[in-house]
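Report on the structure
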Amino acid sequence: MRRFVLISVPYLWLLLLFLIPFIIVLKISLSDTALSIPPYAPALDWAEGIGAFLGQLDFENFVWLTEDDLYWKAYLSSLWIALVSTAFTLLFGYPIAYGMARAPEEWRPTLMMLVILPFWTSFLIRVYAWMGILSNEGFLNQLLLWLGIVDTPLTILNTNTAVYIGIVYTYLPFMILPIYAALDRLDGSLIEAAEDLGCSRLLAFWLVTIPLSRNGIVAGCFLVFIPALGEFVIPSLLGGSGTLMIGKVLWEEFFSNRDWPVASAVAVVLLLILVIPIVLFQRNQQKQAEAEQ
Amino acid sequence: MQTAEFAPWEDPQQKPLIRFQNVTKRFGEFTAIHDLSLDIFEREFFALLGPSGCGKTTMMRMLGGFETPTEGRIELAGQDIGPVPPNKRATNMMFQSYALFPHLSVWDNIAFGLRRDKKSKEQVAARVEEMLKLTRLEKFSRRKPHQISGGQRQRVALARSLAKAPKLLLLDEPLGALDKKLRQDTQFELMDIQETTGTTFVIVTHDQEEAMTVASRVAVMDEGRLMQVATPARIYETPESVYVADFIGDVNIVHGKATASGKEQYRIDWSDTLPPLTATSAKPFSDGQDCHLAIRPEKVAISTERPEAADNVVQGTVHDIAYLGNLSTYHVALPGGTIIKAQTANTRRISRRHITWEDPVWLSWTATAGVLLAE
Amino acid sequence: MRLSWFNVVSLTLGFAFLYIPMVILVIFSFNESKLVTVWAGFSTKWYGELVQNEAFLNAAWVTVKVAVFSSTLATVLGTMAAYVLIRGGRFLGRTLFSGMIYAPLVMPEVITGLSLLLLFIGLGLDRGVLTVVLAHTTFSMCYVSVVVSSRLATFDRSLEEAALDLGCSPMEAFRLVTLPIIAPAVISGWLLAFTLSLDDLVIASFTTGPSATTLPIKIFSAVRLGVSPEINALSTIMIAIVTVGVITASLISKRSLVRQKKDEQQAIRTQ
């Protein structure tokens, strides 16, 4: 009896507030736009029964997504932006994680805390900080002008470059932590053994360190790529009108155009795109967990 | 220590404290216990001995109430305890990991079970003090488990499980985490405490020396079955199977065919080139039956000259010598390649040093030294 | 181990990249000028204005209220869920259950927000503090359950069995043994849920109504129009609170670790 209560309370909560909302999204994505409140038809009417309701569904919104090139361009551009920023995050994050793992034992907790600290700080504030730096009369341009590197201020804010910078900056801890965890576990004598067997430093790094931190790299990349794909705050604050990201499109479809069925269809497609990396990520985590046993 | 008269298992009038009746336990496809029956009597110190995975821990967890038998019945003092949850059982358990509550002091750990019984403050305090004294932990009562040594933790775990004065105390590898020297001291301590409190102890162990030292009876288990249940001396001297003989202590096993050669006496043909051996056995063997002769190394004498009168004599060369300080074990290779181990006590300093590698030696033993086993 | 120059450079540049933007943000919150990017002398006037800005204060109050309620509820539900995941054994729909625990962690916020909004409309719930609390509880309980279940997974099960063996009912065993031992994980779960709730813009925007504007929503609508020194001042305060909190927490945990090590050494010596 107690066990039943223990299981059913969180179970029902998640069913009601997580699973059912998805079914509603799926359902609305298959309805028509209507000038009513709520602005779609057929309205959610449980009394009518499922049979009646299935009869009225159509895939018009999904067809619409393929016809209007705004949407598929947004999906492609989201994928591209997420991919490029993940690559840059890895490029910046790996040396930091490596440096941390090589640092003296007594420094490591402090370095760890320094990586985690930004994570506890408001995401919005961290993105906002870059607005002041990247604007035309911002800190970065002032510095570049003063150094004489450029004559006229560079336009960085409201471009895709600013979005890349924002994503790399905010998601860097997600990349560093799993890689650091993998490198920290790495037995130092393995490198020594490789060098003893005739590897140069660099070759030992390439043949031993990188393959053994592979799980950390994969985990870090997914932890950056997955949320970056649906990112909304960064493109809307740092990106320009030309920055197309699907999270922003969904937001505008919903709040500005009030086209709920299309917004729902956008969400459903985004979810379908995300299923692949999420499944790959889960498999990687599982493999790692098995390897540790 | 056990008095010579303490042998309730030989008295048919005695009612057992615990009775396993045709108990089977399955985990999914895996059968951990096969149709097992066993009686354990009051005031016994009973050891379940076997390699890991033999089902001994499952037996103990069924007694504690953490597993229920798939088939069969377990009785405690005549009452079926199958449906009784662990918190309502008159048994207590000392866990292998000790399972001391890390957030509570030694005192509070020992008082934990007593407080569940709604005893008065004074009663709890008196009992805790008594337990602290029994286990010589008075000085450490205010400490947390991580502030005391491994041996002290072991005693706290014992005190905690004894505090409620259970009818039956279950000990799961209680000394496994201690180093060898401390383990030996603690074994005697455990026996003293068992004696003083008069509690029935059931101990699970994979260490045969430990089982032999502490227990009044030992049950040797393998793959969910009881191989033999008997006193330590009987287990050692008259094992009922090759498995038991081999599991307990060091042994030479010679495989051959038995032929009756007198009253309870058999000739064993075991080699094409070497003469047959002679052994006695109360158990009958038919002529030509496959048999195994198990001889303990300490019952095999080693000498450089051929001994005059001996039932069994073989010659070989010394292949290896293991010097253990108090004992030396000689591995002697016989002409066919068989290795026979012989053990001698080093009663004199630098004795028997005249026997060394590659020396030709004679091995001898009496007809009653070995046990003849069918399987 | 000695650090090579490469490691020193990468660590220095890395941490500079992580921290310089925030340092600049903090510095310019003390700028006299309205222009955030041009230094015109030290002043604390933006803090003064912030304190008098009732819209911000109201939003802050709403945010804290939502965060306290949702993180507390999420901690209770998340701990239950973790217990079910680790100790629940097999039950009908276990795979679905663990899927629902892990899915919100990787779900884009826009989708979570949209779907919850559609649910609240379907149920006819008025949007406000209640709906935001429900939404925040739902996604943060998953984070709590991940934190707590990783602690429970390494928890020595025989401790619970010992409690049962000594006469505890299952509830008592949880209250007297399990909970005190996993308490640090439960507390970090609560803190995580609290921070997530304080921080959330997207889900709150979808699920709130005009009566309950949270601080992130307020900040977002303000910064959309461009940088402003008042927001810098607000950010500085929030950064300061987090920094002090995280440093205190890590010092406390470091001290207890040191003490434990000392105790253990002493135990070995007095053996």
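Remember, predicted model here, so these are calculated numbers, not experimental data.

Thresholds, definitions, all that
Residues numbered from 1 in each chain as written. Chains lettered and ligands numbered in written order. Predicted model: local features only at pLDDT ≥ 70, side-chain atom pairs only at ≥ 80, totals over all residues. Heavy atoms only, no water. Pairing = 2+ DSSP bridges. Helix = DSSP H or I, 4+ residues; strand = E, 2+ residues; numbered from the N terminus. Axes fitted to C-alpha atoms, helices over the stretch in contact; angles between N-to-C directions. Contact = heavy atoms within 4.5 Å. Buried area = accessible area lost by both parts, 1.4 Å probe. Salt bridge = Lys/Arg side-chain N within 4 Å of Asp/Glu carboxyl O. Polar contact = N/O pair within 3.5 Å; in protein donor to acceptor, adjacent residues only side chain to side chain. Nonpolar A, V, L, I, M, F, W, Y, C, P; charged D, E, K, R; others polar. Buried < 20%, exposed > 50% of the residue type's maximum accessible area, 1.4 Å probe, protein only. pLDDT = per-residue confidence, 0-100. Domains from an automatic or database assignment.

Residue and element names in this part refer to chain B. Spatial ordering of the open sheet is given by β15-β19-β16-β17-β18, a layout of five strands whose pairing is antiparallel. Looking at strand neighbours, the two that pair on one side only are β15 (301–303) and β18 (339–345), the edges of this open sheet. On average, adjacent strands in this sheet sit at an angle of 45 degrees to one another, irrespective of strand direction. Of the strand pairs in this sheet, β15 and strand β19 (residues 360–365) are connected by three bridges, and their pairing is antiparallel. Counted as the bridge partner of Ala301 is Ser364 from β19.

Looking now at the interface of chain C and chain B. Taken together, the 23 residues of chain C in the interface contact 25 residues of chain B. In this assembly, chain C packs against chain B so that about 2,200 Å² is buried in total across both faces, 59% of it on carbon and sulfur atoms. Of all residues in chain C, Glu161(C), Asp165(C) and Leu166(C) bury the most surface against chain B, accounting for 32% of the area lost on that side. The interface formed by chain C and chain B includes two salt bridges. Arg116(B) serves as the salt-bridge partner of Glu172(C), at 3.8 Å between the closest nitrogen and oxygen. Counting every contact that joins chain C to chain B gives nine residue pairs in polar contact (both at pLDDT 80 or more). At seven residues, helix α7 (residues 157–165) of chain C tops the list of elements feeding residues into the side of chain C that touches chain B. Looking at the side of chain C that touches chain B, its residues break down into 11 nonpolar, six polar and six charged.

Let's shift gears to the pattern of salt bridges. Within this structure, the stated rule accounts for 25 salt bridges over all chains. Linking Lys119(B) and Asp117(B) is a salt bridge whose minimum nitrogen-to-oxygen distance equals 3.8 Å. The exposure class assigned to Lys119(B) is partly exposed, which follows from its relative accessible area of 36%. Using a relative accessible area of 37% as the deciding quantity, one classes Asp117(B) as partly exposed. When salt bridges that share partners are traced, they join Lys25(B), Arg61(B), Glu67(B) and Glu161(C) into one network.

With that settled, consider the confidence of the model for chain B. When pLDDT is averaged along chain B, the result is 90; 97% of the residues meet or exceed 70. Looking at the elements of chain B, mean pLDDT is at its lowest for helix α5 (residues 180–197) of chain B, recorded as 89, and at its highest for strand β3 (residues 45–49) of chain B, recorded as 95.

To continue, consider the domain arrangement of chain B. Residues and elements named next belong to chain B. Once the domains are mapped, chain B shows domain 1 (14–245) and domain 2 (251–373). For domain 1 and domain 2, the distance between their C-alpha centroids amounts to 39 Å. Opposite the nine residues of domain 1 that make contact, domain 2 presents 10 residues. When domain 1 packs against domain 2, close to 730 Å² is buried across both sides, 57% of that on carbon and sulfur atoms. In terms of surface lost to domain 2, no three residues of domain 1 exceed Tyr236, Val242 and Ala245, which account for 64% of the buried area on that side.

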